[in-house]
Structure formats: C-alpha cells, structure tokens
Amino acid sequence: MPAQAVKRKSRGFICINAHPEGCRRNVARQIAAIISHAPSPRAGLRNVLVIGASTGYGLASRIAAAWGFGARTLGVFFERPSEAPKTASAGFYNTAALHEFARRDRLFAASLNMDAFSDAAKRQAIEIIRREMMPLDLVVYSLASPRRVHPKTGQVFSSVLKPVGASFTNKTIELDSEKVVPVTLQPATEQEVADTVAVMGGEDWEMWLSALYDEGLLADGARTIAYSYIGPAVTWPIYRDGTIGQAKKDLDAAALRIRARIMARLGGAARVSVNKAVVTQASAAIPVVPLYLSLLPLALRKRGLDEGCIEQMRRLFFDHLSDGAAPKTDDAGRIRLDDRELRPDVQAEIAELWPRVTTENLRQITAFGDFQREFRSLFGFEVEGVDYDAPVETDLAL
Ligand code: NAD
C-alpha cells in the first residue's frame, strides 16, 4: 500500500487507528529513558520472556530488560496487523519499532503475535526459547485482556469491571462527552466474578510457568513476576474489592503456588509487583479511574514524583531485579512500586480536590487535558515531533 498521511480516528474516546511514527517515537523515548540511566548494561538478566509485551507495562518491561541489561527477549502479545485501508494496532507498531531499534543495537528480539492463553502460543514460545534463548532468567506476566478462551475446555470467559457485594456510586468522567457525572455500578453476579478471575487471575500465569519448567527452560535462580494494582480507598469498591481485585487476589495466590511448586526447586522466586496507576488502554476502561488519573499526576508532579510505565519499570528492574539488588517487599511478599502514589500527602490532595470537580472546572482543576493527550499518544497521536500531514508507511512487518 502506498504511504499515506494517518489522521486520528476515534469512536467516542477510543482511537480506532494508530500512527506508526508516533508509536515509534514513544518506543524511542522509552529506550532513551533506560539508556540514560544505565549507559552500560547491568548484570543479572540474559534471557527474558514477556507475556503481554506490546503496550503498557509489558512493553516497558521488555525495553528495560533489553536496553538495561542487554537481555535477549521474547515478547508475546495479541495485536492487529494492518489490513488496507486500516492501520495496524498501536502494539503492533510499537513492536515493529522495538525490532528496528533492537537490530540497530544488536539485541536479540523475537515476537509471537498469538493468543497467550492458548496451548499453541506456549508451544511456539517453547520452541523459540529452546532454539534461540534458553534458559530463561525472568518471565514477566503483563496481560490485560477482556476475554480468555480456556485452552483445555474451549470455554470463553469475559471479564467485567464491577463492584462485588454492593452497588457503588461515585463520580466519573463520561469520556465521550467530557461530563463529570454520578455513576452507579451494580454489583457483579457470582458468575461474573468467577469469569473475571478466569481471565485476569493467575491460572494462565501458572500454566506458562509449568510448561516452561516441564521443558527445562528455566534457569537456576529464575524469577517470575506479574503485575497488580491496589490504589487508594476511593477506587477500592471498583478496583481492589471489585471483580478485578478478586482476580488480583487470585494472582497473589498463584505467586505462592508457583513459588512453592516450581521456583523453590530452582532457588528462584515468583512475585507480584504492585505498580502505580498509569494511563494505558486497560486502565482507561475502568469506571471512575479516568478521574483519578486526571488528579494523580497533579499531586505527584508538584512533588517531583510522577512516573510513567518506563520510569516504574526502570525502578523495578534496576532496584529489584538486577544482580546484587535485594527486592524489598511488603508483608505479603509483594514489590511495591505504588509507594509514591499512596503517600498520604499525595492522597490527601486528591481527596481534597475530588468532591470539587465538576464538568465546568474539569479542565481547570484537574489534568484531564494531559490524560486525554496521554491516552491519544498511546496510539501514536499527539506525539511531539511527528508531522501528521506527512505520508507514512502503515504496512509494517514484525
Ligand atoms: P495494556 O492494555 O497496555 O497491555 C496489555 C498487553 O496484553 C498487550 O501487550 C496486549 O497485546 C496483551 N494481550 C491482551 N490479550 C492478550 C492475549 N489474549 N494474548 C496475548 N497477549 C494479549 O495493559 P497494562 O495496563 O500495561 O496492564 C498490564 C498489567 O499491569 C495488568 O496485569 C494490569 O492489571 C497491571 N497494572 C496496570 C496498571 C495501570 O494503571 N495500567 C497499574 C498496575 C498494574
């Protein structure tokens, strides 16, 4: 297909296309954020598998491993290639850029664009790891998915974002109309809770680790890490205590099982890292959270504490995963990268502003404009330095 100028297309708030050059710049910026902190690679990670590697925390993890440690990486993700006249999805372009930069910097990178929940993806990953990498020092599990086809039964599970036990009323930003409105979310049924746990809980993480261990592909001392969120009390009914929170509790339980059954035999570890709230395709879909994400950066920036995915992953990989670094954990054994977000002074400021936010003052007293820009930049739009009138090649290969 001839190169063409790509303009943002949206359905409501969501972008339905992506800009390859904008995505490429986002990846370049993340790589620079790692290299500037670690001009020569750290020791401790040589072969790394990232499941959910094309956007958000998974992409940042992959970049931290490759450019921070010189690790060989295999990324698994589920993204849409371009199909003229449609562009590919942002995660597809992110990965095309990652491969371009990896070739430039002589780093090994392999990618599997497949449903990570399937047995076929695990089989193919195992082949690549055996052929090109082995053994793995680290397996990162960073999937965020609305559905899962169970590989053994074929049953399809859909996750929901609802409170559990009681309805929850709060205010939220209606993203399409930019109105600040009250919202009441009805509690999930038992079935919906179970289905959300089946999608976002720990079963698939455990299946990956079992498959890799059975094939002898985990190094002595290997580690695995999955990402979670806790957040402040204002979001607990919809997050920590909601359906997604139940799935995250299941992830905590899976970490204990994986540790006892697999990693202990290798002298390794299985951990959950509790990360801060950031703007990603997954987090913007959670009711109430966009308002929170419009207030949080204000309170953090003022204190010089704001971080995006790459700054969080830089901290995780350099402070907790490199050779000689002893991971600091909470009482439940989790790494806490949400320490700055949950500082009492940061949360007090958000709590003070929260009741005052209205449709009229949304853009004055919150950082909603930044939230919107950041969301669009996830798709490669409104990225600094990109000429959106210039034709770009949209039909890229991985
Ligand atoms: P994201 O939407 O940016 O990334 C999700 C990734 O999963 C993408 O690479 C996507 O391709 C991949 N994926 C989805 N379904 C797949 C499938 N069936 N097969 C293969 N790949 C698939 O999400 P994110 O916000 O980076 O979330 C990643 C993890 O971090 C999640 O566990 C999330 O709960 C956690 N987390 C997120 C936040 C936040 O604020 N965004 C905070 C703390 C923890």
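In this report, we go over the structure that sits alongside the text.

Analysis parameters
Residues numbered from 1 in each chain as written. Predicted model: local features only at pLDDT ≥ 70, side-chain atom pairs only at ≥ 80, totals over all residues. Heavy atoms only, no water. Pairing = 2+ DSSP bridges. Helix = DSSP H or I, 4+ residues; strand = E, 2+ residues; numbered from the N terminus. Contact = heavy atoms within 4.5 Å. Axes fitted to C-alpha atoms, helices over the stretch in contact; angles between N-to-C directions. 1 Å grid on protein atoms, 1.4 Å probe; cavity = no way out; pocket = protein on both sides within 12 Å on 5 of 7 lines; lining within 4 Å. Points joined across faces, edges and corners; volume = space filled by probe spheres on them. Nonpolar A, V, L, I, M, F, W, Y, C, P; charged D, E, K, R; others polar. Phe/Tyr/Trp six-rings, centres within 6.5 Å; stacked < 30°, edge-to-face > 60°.

Strand pairing in a sheet takes place through backbone hydrogen bonds and is either antiparallel or parallel in direction. Taken in spatial order, the seven strands line up as β5-β4-β3-β6-β11-β12-β13 in an open sheet, and their pairing is parallel. Lying at the two open borders of the sheet, with one neighbouring strand each, are β5 (109-113) and β13 (335-336). For strand β3 (residues 47-51) and strand β4 (residues 72-77), the ladder comprises five bridges, and the chain directions are parallel. Opposite Val-50, over in β4, you have Gly-75 as the bridge partner. Lying over the sheet, helix α4 (residues 119-133) contacts β3, β4, β5 and β6 (136-141), oriented at roughly 170° with respect to β4. This element, helix α9 (residues 309-321), spans β6, β11 (218-228), β12 (269-274) and β13 of the sheet and lies at about 145° to β11.

Here the focus is empty space enclosed by the protein. Within the structure shown, the criterion is met by one cavity of 30 Å³ or more. Roughly 30 Å³ of volume is contained in the largest cavity. Arg-62, Ile-63, Ala-66, Trp-67, Thr-73, Leu-98, Ala-102, Leu-107, Phe-108 and Ala-109 together form the lining of the largest cavity. For the lining of the largest cavity, the elements supplying multiple residues, two or more each, are α2 (56-69) and α3 (90-104). Among the elements that take part in the lining of the largest cavity, α2 stands out by supplying four residues, more than any other. A class-by-class count of the residues in the lining of the largest cavity yields eight nonpolar, one polar and one charged.

As a further point, take the packing of aromatic side chains. Counted by the stated rule, this structure contains 10 aromatic pairs. Through successive ring pairs, a cluster of aromatic residues spans Phe-13, Phe-368, Phe-371, Phe-375 and Phe-379.

With that out of the way, let us pick up the layout of surface pockets. Considering only enclosed or pocket space, the second largest pocket measures out at about 880 Å³ in volume. What lines the second largest pocket is a set of 36 residues, among which Asn-26, Arg-29, Glu-374, Ser-377 and Leu-378 lie closest to the centre. Those elements that provide at least two residues to the lining of the second largest pocket are α1 (20-35), α2, α8 (289-302), α9 and α12 (368-377). A per-class count over the lining of the second largest pocket returns 15 nonpolar, nine polar and 12 charged.

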